[in-house]
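# A look at the structure
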Amino acid sequence: MTMIYFDNSSTTLPDEEVMASFVEANRRFFANPASIHGLGTDAEKLLERAKEQMLKIVHCENGEVIVTSGGTESNNLAVIGFARALQHRGNHIITTSIEHPSILNACRYLEEEGFEVDYMPVDEEGCISVEKLIRKIKKETILVSIMHVNNEIGSIQPIQEIAKAVKERSRAVFHSDCVQSFGKIPVAMDENGPDAITLSAHKINGLKGTGALIMKHGIRPQPLTYGGGQEKGLRNGTVSVPNAVALAKAMRMSAVETERKDFREWRNELIAFCNQYENIKVIAENSAAPHILSLSFKHINGEVAINYFQENDIYISTSSACSSKNKQISHVIEAIHLENSFKNGVVRLSFGKDNHKEQIEICKDVIKRFMELMERGLK
Ligand SMILES: Cc1ncc(COP(=O)(O)O)c(C=O)c1O
């Protein structure tokens, strides 16, 4: 039996074409894009072309792209950088209690610097209330950072509606971490979209160590690094043109204008199957992105399920790859107030482009056998 990889929200297999574009750009465009000779200007042109492609894909033609080392750096640059750049206008930031640690810990750091941060609660499906968010906006609000799709349970926040609400009531920058949404559901930075978004290449069959902060024209964070003034002073250090080219390629290959229908069908099929068991709880059943299915097994430790799946050649995660090695209940699971008996048993299945329908059938059979085994053990 060939292995089934259902851990695409942790990372994905790099696409052959993405790797080929990286190698080709390294061979032919190795020069420093800041050099003024012909090789340098050729590399610079290629960099500009890659950025234009990225901007077009997210409907932000006259915006700005900063290529970073990944989602973490992009999120840090957005939160800390915008907060510092806008502190002359106020010190209030709004985010949610279920953000990725690269947002949450940056916010906690800013609190130590004197900023005031509101962490919006979520309901049991992992969604914030836009009404409540509106009530939090005040004249000191300078930044709102709300993720599009949650990495642990898949819940979707209505970022277009949030963008509108923020724009109508303040001059705050609205940033959204779109690491888990891009390529699975539409992400658009048009008039009604967010002002800035974070992307990470390795979640979309690109290369690890590359990401982007994409911003609308006219907004600018304070840089986090100091150096030679590259990237208009926003990210200092020699720019890696091959990384930018490979990111643009991965984005082109995974861009979607509508949500992934096949993933939605597979998710629905597994939900219908799991709902036969009262000892399995589907998390964010009605509010999640098509490619993420979060489940919990009653009175069972998630690790036990992961090991059983692995013995059957299926690779899944506990709620997130970063929290899977520390045994604490994740902040997202705490935030949705999951019943105690289900808190330890959360696992996440996440689909990617190399999965196919037959794997769903195999997965159902493994769940069935796992439940038989567990139910025998519980008696
Ligand atoms: C929602 C979200 N934001 C940010 C990140 C961080 O991205 P990276 O691994 O590229 O630093 C991740 C990765 O797990 C994520 O899922």
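Described below are features of the structure shown in this document. The model shown is predicted, which means the values in this text are computed figures rather than measured ones. Once a new chain begins, its residue numbering starts again from 1 and follows that chain's sequence as written. Two thresholds apply to this predicted model, a pLDDT of at least 70 for residue-level local features and 80 or more for giving and counting side-chain atom pairs, whereas whole-chain, interface and lining totals are computed over all residues. Side-chain metrics in this entry use all non-hydrogen atoms of the structure; hydrogen atoms and water are not considered.

### Brief notes about the overall build of the chain
- Helix and strand counts for the chain come out as 12 helices and 12 strands.
- In terms of principal-axis extent, the alpha carbons of the chain reach across some 70 × 50 × 35 Å.
- Summary of the burial criterion: residues with accessible area below 20% of their type's maximum are buried, those above 50% are exposed, and those between are partly exposed, where the area comes from a 1.4 Å probe applied to protein chains only. Within the chain, the proportion of its 379 residues that are buried is 57%.
- Of the contacts made within the chain by residues no fewer than 6 positions apart, 74% connect residues no fewer than 24 positions apart.
- Accessible surface for the chain amounts to roughly 16700 Å². Of this, 50% is attributable to carbon and sulfur atoms.
- Charged side chains in the chain number 44 positive and 49 negative. The centres of these two groups are separated by 2 Å. Going along the chain from the N terminus, every DSSP run of H or I of four or more residues is numbered as a helix, and every run of E of two or more is numbered as a strand. Whether two residues are in contact is decided by their heavy atoms: any pair within 4.5 Å suffices. Each accessible area is a Shrake-Rupley result for a 1.4 Å probe, and residues are judged covered by the shown protein chains and nothing else. His is not counted, nor are the chain ends; Lys and Arg add positive charge and Asp and Glu add negative charge. Charge positions come from single atoms, namely NZ of Lys, CZ of Arg, CG of Asp or CD of Glu.

### Section: the packing of aromatic side chains
- Between the rings of Phe, Tyr and Trp (Trp by its six-membered ring), a pair exists once the centres lie within 6.5 Å; its type follows the angle of the planes, with under 30 degrees stacked, over 60 edge-to-face, and the other angles tilted. Under the counting rule described, the total for this entry stands at eight aromatic pairs.
- Taking the centre distance of 6.5 Å and the plane angle of 70 degrees together, the rings of Phe309 and Phe370 count as edge-to-face. Of this pair, Phe309 sits in helix 9 (residues 302–311) while Phe370 sits in helix 12 (residues 357–378); the two residues are 61 residues apart in sequence, bridging distant segments of the chain.
- According to the relative accessible area criterion, Phe309 is buried, its value standing at 0%.
- Judged by relative accessible area, Phe370 falls into the buried class, the value being 0%.
- Here the aromatic residues Phe6, Phe263, Trp266 and Phe351 are joined through ring pairs into a cluster of three or more.
- Only Lys NZ and Arg CZ are tested; either one counts as a charge over a ring when it is within 6 Å of the ring centre and within 35 degrees of the ring normal. If you follow Arg260 out to its NZ or CZ, it ends over the ring of Phe263, 4.1 Å from the centre.

### Quick notes on the pattern of salt bridges
- A carboxyl oxygen of Asp or Glu within 4 Å of a side-chain nitrogen of Lys or Arg is what we treat as a salt bridge. If you walk through the whole model with that rule in mind, you get 22 salt bridges.
- With a closest N to O distance of 2.9 Å, Glu113 and Arg84 form a salt bridge. Residue Glu113 is located in the loop between helix 4 (101–112) and strand 4 (116–120), and its partner Arg84 is located in helix 3 (residues 71–85); the two are separated by 29 residues in the primary sequence.
- Assessed through its relative accessible area of 38%, Glu113 is described here as partly exposed.
- Through salt bridges that share partners, Glu269, Lys357, Glu361 and Lys364 make up one connected network.

### Points about the side chain of Arg348
- Here Arg348 is to be found in strand 12 (residues 346–350).
- At 2.8 Å, the side chain of Arg348 forms a polar contact with the side chain of Ser10.
- Only 2.5 Å separates the side chain of Arg348 from the backbone oxygen of Asn151, close enough to count as a polar contact. Here a polar contact means two N or O atoms within 3.5 Å. Within protein one must be a hydrogen donor candidate and the other an acceptor candidate, and residues neighboring in sequence count only if both atoms are side-chain atoms.

### Re the packing of helix 2 (residues 38–57) against helix 7 (residues 241–254)
- Where helix 2 meets helix 7, the closest approach of the two axes is 9 Å, and the angle between their N-to-C directions is 30 degrees. With respect to each other, helix 2 and helix 7 are oriented roughly parallel. Both helix 2 and helix 7 take part in a crossing whose hand is left-handed. Between helix 2, through Ala43, Leu46, Leu47, Ala50, Gln53, Met54 and Ile57, and helix 7, the contact on the second element is made entirely by Val241, Ala244, Val245, Leu247, Ala248, Met251 and Arg252. Between N-to-C directions, angles span 0 to 180 degrees; the directions come from axes that are lines fitted to C-alpha atoms, helices contributing only their stretch in contact. Throughout this description, any angle smaller than 35 degrees is read as roughly parallel, any larger than 145 degrees as roughly antiparallel, any in the 65 to 115 degree range as roughly perpendicular, and the remainder as oblique. Crossings are sorted by hand: turned counterclockwise from the far helix by less than a right angle, the near helix makes the crossing left-handed, and turned clockwise it makes it right-handed.

### Description of the sheet that holds strand 8 (residues 211–215)
- Pairs of strands are assigned from DSSP output, requiring at least two bridges between the strands. Reading across the sheet, the seven strands line up as 2-8-7-6-5-3-4 and stay open at both edges, with mixed pairing between neighbours. Bordering the open sheet on either side are strand 2 (64–68) and strand 4, each of which pairs with just one other strand. Neighbour-to-neighbour, the strand axes of this sheet turn through a mean angle of 20 degrees, independent of strand direction.
- In this structure, strand 7 (residues 196–200) lies alongside strand 8, joined through five bridges in antiparallel fashion. Across the sheet, residue Leu199 finds its bridge partner in strand 8, namely Ala212.
- Lying over the sheet, helix 6 (residues 159–169) contacts strand 5 (141–145) and strand 6 (173–177), oriented at roughly 165 degrees with respect to strand 6.

### Things to note about the sheet that holds strand 10 (residues 292–297)
- An order of 9-10-12 is seen for the three strands of this open sheet, with the pairing classed as antiparallel. Looking at the sheet topology across the chains shown, the edges are occupied by strand 9 (280–283) and strand 12. Direction aside, the axes of adjacent strands within the sheet are offset by 30 degrees on average.
- Where strand 10 lies against strand 12, five bridges are found, and the strand directions are antiparallel. Within strand 12, the residue paired with Ser296 across the bridge is Val346.
- Here helix 8 (residues 261–274) sits on the sheet in contact with strand 9, strand 10 and strand 12, set at roughly 15 degrees to strand 10.

### Here's the deal with the site of the ligand
- It suffices for a single heavy atom of a residue to lie within 4 Å of a molecule or strand for the residue to be listed as near it. Lining the immediate environment of the ligand, one finds 14 residues, of which Thr72, Asp177, Gln180, Ser200 and Lys203 sit closest.
- Within the side chain of Thr72, an N or O atom sits 2.7 Å from an oxygen atom of the ligand.
- Take His202: an N or O atom from its side chain is 2.9 Å from an oxygen atom of the ligand.
- In isolation the ligand exposes 400 Å². Once the protein is present, 87% of that is buried.
- Top element by residues in the shell around the ligand is helix 3. It accounts for three residues.
- Within the shell around the ligand, the residues separate by chemical class into two nonpolar, 10 polar and two charged. For this classification, Asp, Glu, Lys and Arg are treated as charged, while Ala, Val, Leu, Ile, Met, Phe, Trp, Tyr, Cys and Pro are nonpolar and the rest, including Gly, are polar.

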